[in-house]
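Below are the chains, spelled out letter by letter.
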Amino acid sequence: MIELAVLDIAGTTVEEHGAVYIALEEAVRAAGGHPTPADIRRWMGADKREAITALLTGEPGGAPERSTVDAVFADFRDRLDSAYADRPPTPLPGVPEALATLRAAGVKVALTTGFDRGVTDALLARIGWGDGFLDAVVCVDDVAAGRPAPYMIFRAMEATGVRDVSRVLTAGDTVRDLEAGSNAGAGIVVGVLTGGLDATALGAARHTHLLPGVADIPGLLSLA
């Protein structure tokens, strides 16, 4: 019996057209970085400040100063806000219905994300997922380290009163999502193919299931 579903946001439950990684690459390039597509993929699902630091560390001068990271992060957020204004994010097909089915069956639903609280709250407000729609939302700035550390999953368990990690399902569209689920010891670790990775790339990480999307989770749990 699964008691808690812990789901990623961008690319997993929300379609935001890859805007987060476009904004990240543009902000890093504007600061003098030269990230390749492989570099950007490597940091999918990560804490965005951690990603910026890593993407700039390989440039002349070594690791960037905190003030530089703060400035690049602010630029990233401005670019992302602009992208979302031009092309608003939307729930992925079937996801609101899947979340409603899970909760109606007594499964609590929490979202976790590599975004900070400010970005997350604005994103969820844009798609109308306000108070009462979810059981918990955990952001990267709520914990000591982002994915692949399992801390956001544990914080979601704490917030929802779930004590047995074997009764937790995690789902995400990036390798780091799957690594976090495995590191937490989740009973079910699902990779979904609604993000930027295909089954070969995503399936290289340890998992229990690969599904087309979150909309298929109720069926996996025999709830639909």
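Here's what I pulled together on the structure shown here. Within each chain, residue numbers correspond to sequence positions counted from 1 in written order. Reporting of local features is limited, given that this is a predicted model, to residues whose pLDDT is at least 70; pairs of side-chain atoms are given and counted only at 80 or more, and all residues count toward the totals for whole chains, interfaces and linings. The side-chain numbers reported here are obtained from all heavy atoms of the structure, hydrogens and water having been left aside.

### Looking at the packing of helix 1 (residues 19–30) against helix 3 (residues 48–57)
Part 1: Two numbers describe how helix 1 lies on helix 3: the axes approach to 10 Å, and their chain directions differ by 40°. With respect to their mutual orientation, helix 1 and helix 3 come out oblique. Taken as a pair, helix 1 and helix 3 cross one another with a handedness that is right-handed. On helix 3, the residues touching Val20, Leu24 and Val28 of helix 1 are Lys48, Ala51, Ile52, Leu55 and Leu56.
Part 2: In terms of residue class, the contact of helix 1 with helix 3 is made up of 7 nonpolar, no polar and 1 charged. Fitted lines through C-alpha atoms give the axes, limited to the stretch in contact for helices. The angle between two N-to-C directions lies from 0 to 180 degrees. Secondary structure elements are taken from DSSP: a helix is a run of H or I of four residues or more, a strand is a run of E of two residues or more, and numbering for both begins at the N terminus. Our angle categories are set so that under 35 degrees counts as roughly parallel, over 145 as roughly antiparallel, 65 to 115 as roughly perpendicular, and the remainder as oblique. The sense of a crossing depends on the near helix, which, turned anticlockwise from the far helix by less than a right angle, makes the crossing left-handed and, turned clockwise, makes it right-handed. Residue contacts are counted whenever heavy atoms from the two residues lie within 4.5 Å of one another. Each residue gets one of three labels, nonpolar for Ala, Val, Leu, Ile, Met, Phe, Trp, Tyr, Cys and Pro, charged for Asp, Glu, Lys and Arg, and polar for the others, Gly among them.

### Quick notes on unusual backbone geometry
Part 1: Here Arg147 and Pro148 are connected by a cis peptide whose omega angle stands at 10°.
Part 2: Note on placement: Pro148 falls in the loop between strand 5 (136–139) and helix 7 (151–160).
Part 3: Residues other than glycine seldom take positive phi values, yet His17 does so here, at roughly 60°.
Part 4: Of note, His17 is situated in the loop between strand 2 (14–15) and helix 1.
Part 5: The phi dihedral of Ser222 falls on the positive side, at around 60°, and the residue is not glycine.
Part 6: Along the chain, Ser222 falls in the segment after helix 10 (217–220).
Part 7: Accessibility expressed as a relative area gives 65% for Ser222, which makes it exposed. Any residue under 20% of the maximum accessible area for its type is buried, any over 50% is exposed, and the rest in between are partly exposed; the area is computed with a 1.4 Å probe on protein chains only.

### Things to note about helix 4 (residues 66–86)
Part 1: A helix is expected to reach a length of 1.5 Å times the quantity of its residues less one. With 21 residues, helix 4 should reach 30 Å at 1.5 Å per residue; the first-to-last C-alpha distance of 30 Å fits that figure.
Part 2: Turning to helix 4, its buried residues number three or more, namely Val69, Val72, Phe73, Phe76, Leu80 and Tyr84. Seen along its axis, helix 4 keeps its buried residues to an arc of 110°; they face one direction. Exposed and oriented more than 90 degrees from the buried face of helix 4 are Ser67, Asp78, Ala85 and Asp86.
Part 3: The secondary structure elements touched by the buried residues of helix 4 are helix 1, helix 3 and helix 6 (117–127). Directions are taken from the helix axis to each C-beta atom, and the arc is the one they span.

### Focus: the sheet that holds strand 1 (residues 4–8)
Part 1: Read from one edge of the open sheet, 6 strands run 5-4-1-6-7-8, paired in parallel fashion. Of all strands in the sheet, those bounded by a partner on one side alone are strand 5 and strand 8 (209–211). This sheet shows a mean twist of 20° between the axes of neighbouring strands, independent of strand direction.
Part 2: Contacts from helix 7 reach strand 1, strand 4 (108–113), strand 5 and strand 6 (168–172) within the one sheet, and its direction differs from that of strand 5 by about 150°.
Part 3: Taken strand by strand, helix 8 (residues 175–184) contacts strand 1, strand 6 and strand 7 (188–192), and its axis lies near 175° from that of strand 7. Strands are labelled as partners when DSSP assigns at least two bridges between them.

### Focus on the nonpolar core
Part 1: Within this scheme, the nonpolar core is defined by two criteria: the residues are buried Ala, Val, Leu, Ile, Met, Phe, Trp, Tyr or Cys, and they are joined through side-chain atoms within 4.5 Å. Leu7 and Leu169 are the most contacted members of the largest nonpolar core, which totals 71 residues.
Part 2: Once you skip the residues sitting within four places of it in the chain, Leu169 turns out to touch Ile2, Leu4, Ala5, Val6, Leu7, Ile188, Val190, Ile217, Leu220 and Leu221.

### Looking at the packing of aromatic side chains
Part 1: Each Phe, Tyr or Trp ring (for Trp, its six-membered ring) is paired with any other whose centre lies within 6.5 Å, and the angle between the two planes then decides the class: stacked below 30 degrees, edge-to-face above 60, tilted in between. All chains considered together, the criterion is met by 2 aromatic pairs.
Part 2: Consider the rings of Trp129 and Phe133, whose centres lie 4.9 Å apart with planes at 20°: the pair is stacked.
Part 3: Classification of Phe133 as partly exposed rests on a relative accessible area of 25%.
Part 4: Lying over the aromatic face of Phe73, Arg49 brings its terminal NZ or CZ to 4.2 Å of the ring centre.
Part 5: A cation over an aromatic ring shows up here: Arg176 above the ring of Trp43, its NZ or CZ 4.4 Å from the ring centre. We call a charge positioned above a ring when the Lys NZ or Arg CZ atom is no farther than 6 Å from the ring centre and deviates by at most 35 degrees from the ring normal.

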